[in-house]
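# Summary of the model geometry
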Amino acid sequence: MIRIAEIKAEETYPIRKSVLRDGMTLSHEMNADHDADTLHLGLFDKDQLVCVGSFMKASNAGFKGLQFQLRGMGSSIGSQGKGYGKALLTNAEQILKDRGVDLIWCNARVVALDFYSKLGYTSIGNLFEVDQVGPHFVMFKNLK
Ligand SMILES: CC(C)(COP(=O)(O)OP(=O)(O)OC[C@H]1O[C@@H](n2cnc3c(N)ncnc32)[C@H](O)[C@@H]1OP(=O)(O)O)[C@@H](O)C(=O)NCCC(=O)NCCS
């Protein structure tokens, strides 16, 4: 039984730490974690939190309208490739669309490009390097 729910920033931290910050000195906490309009979503399988993603109001100069940035997208080790990420992101898009958001963008790790592409995200601009994490592209999806 799968359920997707809004969760607190702190609930995202174990998955962020293990999946996105393993072996790095970068903090798993993010500046906008506790902003009033930040949305943290979690996907639970049999009441176990297996996938998280956070959506934060942040404008990228390349885009117009009300924009949210997806950060901290991860499915726990052993839970990847089971459709959880897709379900969570699709659910988030609907929530944000209902809140009047025009566009979601993210700094996508190159290893995850196909995940986002399959969900309708487009890459834009040049490849760039994030210290400790590796190569990224900006990717976006219009919600309207
Ligand atoms: C990338 C990630 C969030 C995707 O979540 P997931 O739960 O594993 O993805 P899903 O099972 O919902 O996959 C949805 C589709 O994307 C594909 N996909 C998922 N991860 C992929 C990857 N890293 N590379 C290529 N394709 C991928 C799946 O094969 C699936 O394709 P299908 O619909 O044709 O079957 C997850 O694998 C993860 O946490 N990876 C490590 C951390 C990371 O890189 N996060 C992204 C930071 S930008």
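Overview of the structure. Along each chain, the written sequence defines residue order, and numbers are assigned to residues from 1. With pLDDT at 70 or above as the cut-off, local features in this predicted model cover only qualifying residues; side-chain atom pairs require 80 or more to be listed or tallied, and sums for whole chains, interfaces and linings still use all residues. Remark: hydrogens and water are excluded; side-chain values derive from all non-hydrogen atoms of the structure.

## Section: the nonpolar core
Residues Phe55, Leu70, Leu96 and Tyr116 are the most contacted members of the largest nonpolar core, which totals 25 residues. By the criteria applied, helices consist of DSSP H or I runs no shorter than four residues and strands consist of E runs no shorter than two, each listed in order from the N terminus. Residue assignment for this core shows that the elements contributing at least two residues are strand S2 (39-45), strand S3 (48-57), strand S4 (67-75), helix H2 (84-98), strand S5 (103-109), helix H3 (113-118) and strand S7 (134-142). Examining the composition of this core, we find that five residues originate from one element, H2, more than from any other. Here, nonpolar core refers to any group of buried Ala, Val, Leu, Ile, Met, Phe, Trp, Tyr and Cys residues whose side-chain atoms link them within 4.5 Å. When accessible area is computed with a 1.4 Å probe and restricted to protein chains, residues below 20% of their type maximum are described as buried, those above 50% as exposed, and intermediate ones as partly exposed.

## Focus on the pattern of salt bridges
Take a side-chain nitrogen of Lys or Arg and a carboxyl oxygen of Asp or Glu: if they are within 4 Å of each other, that pair is a salt bridge. Taken as a whole, this structure holds six salt bridges when the rule is applied. The salt bridge partner of Asp47 is Arg3, with a shortest N-O separation of 3.5 Å. Taken as a pair, Asp47 in the loop between S2 and S3 and Arg3 in strand S1 (residues 2-6) lie far apart in primary sequence, 44 residues in all. Asp47 sits in the exposed class, given a relative accessible area of 63%. Between Arg99 and Glu6 there is a salt bridge, with its nearest N and O atoms 3.9 Å apart. Of this pair, Arg99 sits in the loop between H2 and S5 while Glu6 is found in strand S1, placing the two residues 93 residues apart along the sequence. A residue is classified by how much of its surface remains accessible, and Arg99, at 47% relative accessible area, is partly exposed.

## Let's talk about the site of the ligand
Throughout, near means a residue has at least one heavy atom within 4 Å of the molecule or strand. As a structural note, the neighbourhood of the ligand is formed by 21 residues, with Ser75, Gly81, Gly83, Gly85 and Lys86 the closest of them. The definition of a polar contact used here is a pair of N or O atoms within 3.5 Å, where within protein one atom must be able to donate a hydrogen and the other to accept one, and adjacent residues in sequence count solely through side-chain atom pairs. Within the backbone of Gly81, an N or O atom sits 2.8 Å from an oxygen atom of the ligand. Within the backbone of Gly85, an N or O atom sits 2.8 Å from an oxygen atom of the ligand. Each accessible area is a Shrake-Rupley result for a 1.4 Å probe, and residues are judged covered by the shown protein chains and nothing else. In isolation the ligand exposes 880 Å². Once the protein is present, 73% of that is buried. When residues in the shell around the ligand are grouped by element, the largest group, four residues, is from H3. In the shell around the ligand, the residues fall into nine nonpolar, seven polar and five charged. Note on residue classes: Ala, Val, Leu, Ile, Met, Phe, Trp, Tyr, Cys and Pro are nonpolar, Asp, Glu, Lys and Arg are charged, and everything else, Gly too, is polar.

## Details of the sheet that holds S2
Two strands pair if DSSP finds at least two bridges between them. Pairing within the open sheet is mixed, and its seven strands lie in the order S1-S2-S3-S4-S5-S7-S6. In this open sheet, the two strands that pair with only one neighbour each are S1 and strand S6 (122-130). Geometrically, the sheet is characterised by an average inter-axis angle of 25° between neighbouring strands, direction not taken into account. Across seven bridges, S5 lies against S7 in antiparallel orientation. Each bridged residue has a counterpart across the sheet, and for Ile104 the counterpart in S7 is Lys141. It only takes one pair of heavy atoms within 4.5 Å for two residues to be counted as in contact. What counts as an axis is a line fitted to C-alpha atoms, over the stretch in contact for a helix, and the angles between N-to-C directions run from 0 to 180 degrees. Lying on the sheet, helix H1 (residues 9-20) is in contact with S2, S3, S4 and S5; it crosses S3 at an angle near 105°. Contacts between H2 and the sheet are confined to S1, S2, S3, S4, S5 and S7, with S2 contributing the most and set at about 140° to the helix.

Purely spatial values, then, with no claim about function.
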